Amino acid sequence: ADDDDDDEEDEVRKYHLRQKQQQQQQHTRERELWQLDELNFEFEALTRIKELTECVEDALEAEFVLNVIEALQNDVFFVSPILQNVMRFIGDDIKFMCVLRQSCSDAQKCVAILNTIDRFTQDDSILPTVWRLVTATQGNQTLVEQILVDTDNLDPQPAAVVSMDMVVTVLSSILAGFGGEIRAALRVFTVLVQHWNRREHDHNAYMYDRIQQVLRMVYDEQRKSGGGDDTIDAQQMVQYAVMCPLVCPSELRTFWRQHRHANDVERINRLGALQIKYEQYELFLGRYLLYCPFKTKRVAADIDKNAADESKLQQQNEVEFYDEDDVDGDAGDADDDDDDRTALLFEFVIDIDNVSQSQSQTASNQFRKQLRIKKCLCVKNKHTLEYEPEHYYEEDALMFDWDVVRYTKHEKVLRLHNTQCRWIPNLKHANKIHPMANYQIEFNPEDLHNELRGYLVLLPDADGKLSFIHDLFGQWNRSNKRAANANKYVEAIHKISERPFL
């Protein structure tokens, strides 16, 4: 039994010795492999450096290589094949960027390589935009070069605005370069738009955005129609959009569906007539104001700020109207008493609103000519002597439709609800318009602001009566019968009837 126990202990001891020897051998092999890998790594790194050295021809190229290696955290293995491909194209920026895009799939590292070039990082450099064009065109060197030719290297003239003819030309080249593929053309055109907006400070942003909307509309229409000989043409729609900037893309879609079989001359004539109609509307859009001044006084109140509630604060900030006989000596001296420090402002806003239809109906937009009439309490600024809005009565604004009744060279008449009014561009002949003949209008021919304004004269009916008081202000007339300051509203309406001029 003792002999058997000794044999088992010997076997265990031998087993542990064999395991230890195998582990030592394994560690030795791994160490040898690591040493071999380190040698291979060093050899490979030296080989890459040697290859880079062979492709460098002068000190400037050597400096560029070192800057790129440093920018990419000394990753020689990643940098070497890329630089070997692009080094021979230094000086040809477009070719350099196209080859760089093909050699490096990491966009961030491509930008890091480009940032080592001084010309790329200058404030007025166009190279960042060229790189975005190379990316958007998927490395199409021919198309990028054509875009630069059409746009005079993205900078036609210093401080000049890009012409719409240039935009149409370059967009035609982009569409031709992609074989009419609108989505790809949109990517490239968006890069150009971003560059132009930065350069022009959004001078043509409306037209650029309009062209992009037209391209999206054409893409959607082509996708729905499935192609064909009479499919909508993107280049032609862009030309129409530039020629008629007031015709919205949804209207161009409807126009195309209705007149797709007409010839180009007939289409241009119809769109031109629609553009002229909208230009007439555009002339009248804006805010027309009429001030009705009154003498005013402030309400004095001592209110504990900690215990003040909302109603008391509102009462403290109110401006009360008062009559001339109520002028108090504390309100100011005699000169201040004669000032009209408060006015009731009537504001007419003539606009064309975009009224979108519900999703259950057609997706196109509708435009409605709307007149919005609002009242505003204004207080005169003591320094500028001009009335400044203090409170708009938005809750009782009035909404009506408007339209152009007559548009000639010498006479332009609008219809606001059921009231006709005469639009005039200046005050030269205002006194010749009835009922303004009996009202003296101060006119300074040297005032340049006079030529930048528009004026509305509310006209009487055919029987000579001024019915606009009931036609436009009927709702206010009924609600102000029970108002506390109804007498001042009535006085303001009376002034409008005496001088219906905005």
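No experiment lies behind these values; they were computed from the predicted model shown.

**Points about the nonpolar core**
Formed by 106 residues in total, the largest nonpolar core has its most connected members in L100, F346, F348 and F473. Top contributing element to this core by residue count: helix 10 (residues 182-200), with ten residues.

**Here we look at the pattern of salt bridges**
A complete count under the given rule lists 14 salt bridges for this structure. In this structure, the salt-bridge partner of E221 is R257, at a minimum N-O distance of 3.1 Å. Of the two residues, E221 is situated in helix 11 (residues 205-225) and R257 in helix 13 (residues 249-259); the sequence distance between them amounts to 36 residues. Residue classification places R257 among the partly exposed positions, given a relative accessible area of 44%. Here E394 ties to K374 by a salt bridge, and the two come within 3.6 Å at their closest N and O atoms. Of this pair, E394 sits in the loop between strand 6 (387-392) and strand 7 (398-407) while K374 is found in strand 5 (residues 365-380), placing the two residues 20 residues apart along the sequence. A relative accessible area of 40% places E394 in the partly exposed class.

**Some words on the packing of aromatic side chains**
Considering all chains together, one arrives at ten aromatic pairs under this definition. Pairing F346 with W476 gives two aromatic rings, centres 6.0 Å apart and planes at 40°, and the pair type is tilted. In this pair, F346 is assigned in strand 4 (residues 342-356) and W476 in helix 17 (residues 468-479), connecting sequence segments 130 residues apart. Across the pair, exposure class does not vary: F346 and W476 are buried alike. Grouping aromatic residues by their ring pairs yields a cluster made of F346, F348, F473 and W476. Looking at K95, its charged tip hangs above the ring of F89, at a distance of 5.5 Å from the centre.

**Digging into helix 11**
With 21 residues, helix 11 extends 30 Å between its outermost C-alpha atoms, agreeing within 8% with the 30 Å of an ideal straight helix rising 1.5 Å per residue. Those residues of helix 11 that sit buried are M207, Y208, R210, I211, Q212, V214, L215, M217, V218, D220 and E221. In this structure, the buried residues of helix 11 make contact with helix 9 (164-177), helix 10, helix 12 (234-243) and helix 13. At the exit of helix 11 stands G226, carrying a positive phi of roughly 75°.

The rules behind the values
Each chain has its residues counted from 1, following the order in which its sequence is written. Selection of residues for local features in this predicted model requires a pLDDT of at least 70, selection of side-chain atom pairs for listing and counting requires 80 or more, and totals for whole chains, interfaces and linings are taken over all residues. To obtain the side-chain values, all non-hydrogen atoms of the structure were included, while hydrogens and water were left out. Residues enter a nonpolar core if they are buried and are Ala, Val, Leu, Ile, Met, Phe, Trp, Tyr or Cys, with the set joined through side-chain atoms within 4.5 Å. Burial classes follow relative accessibility: with a 1.4 Å probe on protein chains only, a residue under 20% of its type's maximum area counts as buried, one over 50% as exposed, and anything between as partly exposed. Think of it this way: any DSSP run of H or I at least four residues long counts as a helix, any run of E at least two long counts as a strand, and we number them from the N terminus. Here a salt bridge means any side-chain nitrogen of Lys or Arg lying within 4 Å of a carboxyl oxygen belonging to Asp or Glu. A pair of aromatic rings is counted whenever rings of Phe, Tyr or Trp (Trp by its six-membered ring) have centres within 6.5 Å, and the orientation is called stacked for planes under 30 degrees apart, edge-to-face for over 60 and tilted otherwise. Cation placement over rings: the criterion is NZ of Lys or CZ of Arg within 6 Å of the ring centroid and within 35° of the ring normal. One less than the residue count of a helix, multiplied by 1.5 Å, gives the span that helix is expected to have. Should any heavy atoms of two residues lie within 4.5 Å, those residues are counted as being in contact.

Purely spatial values, then, with no claim about function.
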